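# Topology and contacts: notes
Here's the letter readout for the chains.
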Amino acid sequence: MASALTVLRRLYLSIYNWTVFIGWFQVLFLALKTLKESGHENVYNAVEKPLLLAQSAAVLEILHGLIGLVRSPVSSTLPQIGSRLYLTWGILWSFPEIRTHVLVTSLVISWAITEIIRYSFFGMKEAFGFAPSWHLWLRYSTFLVLYPTGITSEVGLIYFSLPYIKASEKYCIRMPNKWNFSFDNFYAAILTLGIYVPGSPHMYRYMLGQRKRALSKSKKE
Amino acid sequence: MKVNLVSRSGREFIKGGLELNDSATVADLQEAIHKRTKKFYPSRQRLTLPVPSGSRERPVVLNYKKSLKDYCEGNENSLTVVFKDLGPQVSYRTLFFFEYLGPLILYPVFYYFPVYKFFGYEGFTHPVHHPVQTYALYYWCFHYFKRILETFFVHRFSHATSPLSNVFRNCAYYWTFGLYIAYYVNHPLYTPVGDLQMKIGFGFGLVCQLANFYCHIILKNLRGPDGSGGYQIPRGFLFNIVTCANYTTEIYQWLGFNIATQTVAGYVFLVVATSIMTNWALTKHRRLKKLFDGKDGRPKYPRRWVILPPFL
């Protein structure tokens, strides 16, 4: 007996997942099209709108986890979404000089393929109650390649933006001030790079564990 | 009597088991295990009774003072005990000493030495301080000195030891925050608050530190000098109103420090410390309520705030 709330929840999540899926599909399509037609320097400009929208929508997922709408633990989604938002808004949107770098293309394509598979997977489950096994396989296997390519792109872009971050003083707060606080964006970026060192193997191992669980579970069914 | 020692996976941990006196205590068993295995000294051993597989009950931990016979079912002259290695242990005193030593030593470095030139502030070779920065130094150092003294002369710990890994984790927490706050309060471009605010902050903080000390004395008196006595209902002073009055006074004391020094770093530390202590307080409050349920002659735990009236 599906209660009204369950139906509402499934409806909302279906709409959410398929909408964001369309966003990421646009990103991939425009990225590949621009790459073919003009070159990697123009990829960012072509994908900017759907990218900013689709990536920012992910913030809702933290909310979903907090209010119990979905089962994913907030602890694993937070670092993932954090790094995505940092790259999207904190690096690409804030420092235009980096937008023409070739790593933007690899970043955007890695993210887009991963998200297309992920959102359609959840979209299928919420709307139709199931997802085919090849879909499950894709969801838990493509990360094997896309995590390294994505993480390399993220780290590379942060690294190559460092001179622009230092020169622009953007988001920096200097002393003296009433709250005796300071923030140096340049050193914060370096610290962030440092976090990737233990963070990346941790995330990769976590996904390997998830893969083992998900794929063995489906074999048993 | 014969004691069979198994690991949590069911594998026999000591081949052939151990032979002990019928009147042996758990402590004797721990000694025997230590003698046999060399590596696993008693504080590293966690000994429990086996739990039927599939059962979700928490295993019964063997109390070192009780005799083994107390854990034997009926008239049996043998016992099966599950062994778990807790990893290398350090005494709580060692742990606390090192985690408090960092802030005590590192903070004055930022006050007395021209460290800010390494952060790009050339020319500030002879540190000149606002009065509030000097009082903050005294307050901070008094606080951590008090903590170290309490560690050695006041606190009575229910567990003698803590895992070694906690040394690194706890020192990272205290030392990093110590450095973070010391950097800002002693900064050459530090902006002090008004005189009245400073006095209110430090005054209030000091009163709370004294109250906190008194809370620690009350808690100490709940137990014997060897840490025996287990869990008791704390009574008297602020404990009549709030279960973890010691944490409450600690939180308010940091609030006092922050009101006087006004740094974002200090307030961040306050928020983090408060959430950690709130977690502990909830656990302790729940444990005391569960233990003192009013049945079988046990007193019933009175209605009290957990840690921060009127919120929790």
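The rules behind each value
- Residues numbered from 1 in each chain as written.
- Chains lettered and ligands numbered in written order.
- Predicted model: local features only at pLDDT ≥ 70, side-chain atom pairs only at ≥ 80, totals over all residues.
- Heavy atoms only, no water.
- UniProt positions renumbered as here; feature names shortened; annotations may be inferred.
- Helix = DSSP H or I, 4+ residues; strand = E, 2+ residues; numbered from the N terminus.
- Contact = heavy atoms within 4.5 Å.
- Buried area = accessible area lost by both parts, 1.4 Å probe.
- Salt bridge = Lys/Arg side-chain N within 4 Å of Asp/Glu carboxyl O.
- Polar contact = N/O pair within 3.5 Å; in protein donor to acceptor, adjacent residues only side chain to side chain.
- Nonpolar A, V, L, I, M, F, W, Y, C, P; charged D, E, K, R; others polar.
- Pairing = 2+ DSSP bridges.
- Axes fitted to C-alpha atoms, helices over the stretch in contact; angles between N-to-C directions.

Chain B is annotated in an unreviewed UniProt entry as Very-long-chain enoyl-CoA reductase from Hibiscus syriacus. Recorded under Sequence similarities (unreviewed entry), the UniProt text for chain B is reproduced unchanged: "Belongs to the steroid 5-alpha reductase family."

### Concerning the UniProt feature "transmembrane region" (unreviewed entry) in chain B
Residue and element names in this part refer to chain B. If you check UniProt for "transmembrane region" (unreviewed entry), the listed places come out as residues 94–113, 172–190, 202–219 and 264–282 in our numbering. Split by type, residues 94–113 is 95% helix and 0% strand. Its first and last C-alpha atoms lie 28 Å apart. The distance from the first to the last C-alpha atom of residues 264–282 is 27 Å, and the span holds 100% helix and 0% strand.

### Topic: the interface of chain A and chain B
Contacts between chain A and chain B engage eight residues on the former and 13 residues on the latter. Roughly 920 Å² is buried in total at the junction of chain A and chain B, and carbon and sulfur atoms are behind 58% of that figure. If you sort the residues of chain A by the area they bury against chain B, Met175(A), Trp179(A) and Asn180(A) come out on top, with a joint share of 61%. The tally of links between chain A and chain B comes to zero salt bridges. One can count six residue pairs in polar contact (both at pLDDT 80 or more) joining chain A with chain B. Its residues assigned to classes, the side of chain A that touches chain B shows four nonpolar, three polar and one charged.

### Re the sheet that holds strand β2 (residues 18–19) of chain B
Residues and elements named next belong to chain B. Overall, mixed pairing links the four strands, which are arranged β2-β1-β4-β3 in an open sheet. Both outer strands of the open sheet, β2 and β3 (45–48), are each paired with one neighbouring strand and no more. Sheet strands in contact with helix α1 (residues 26–37) are β1 (2–7), β2, β3 and β4 (78–85), and its direction is about 130° off that of β3.

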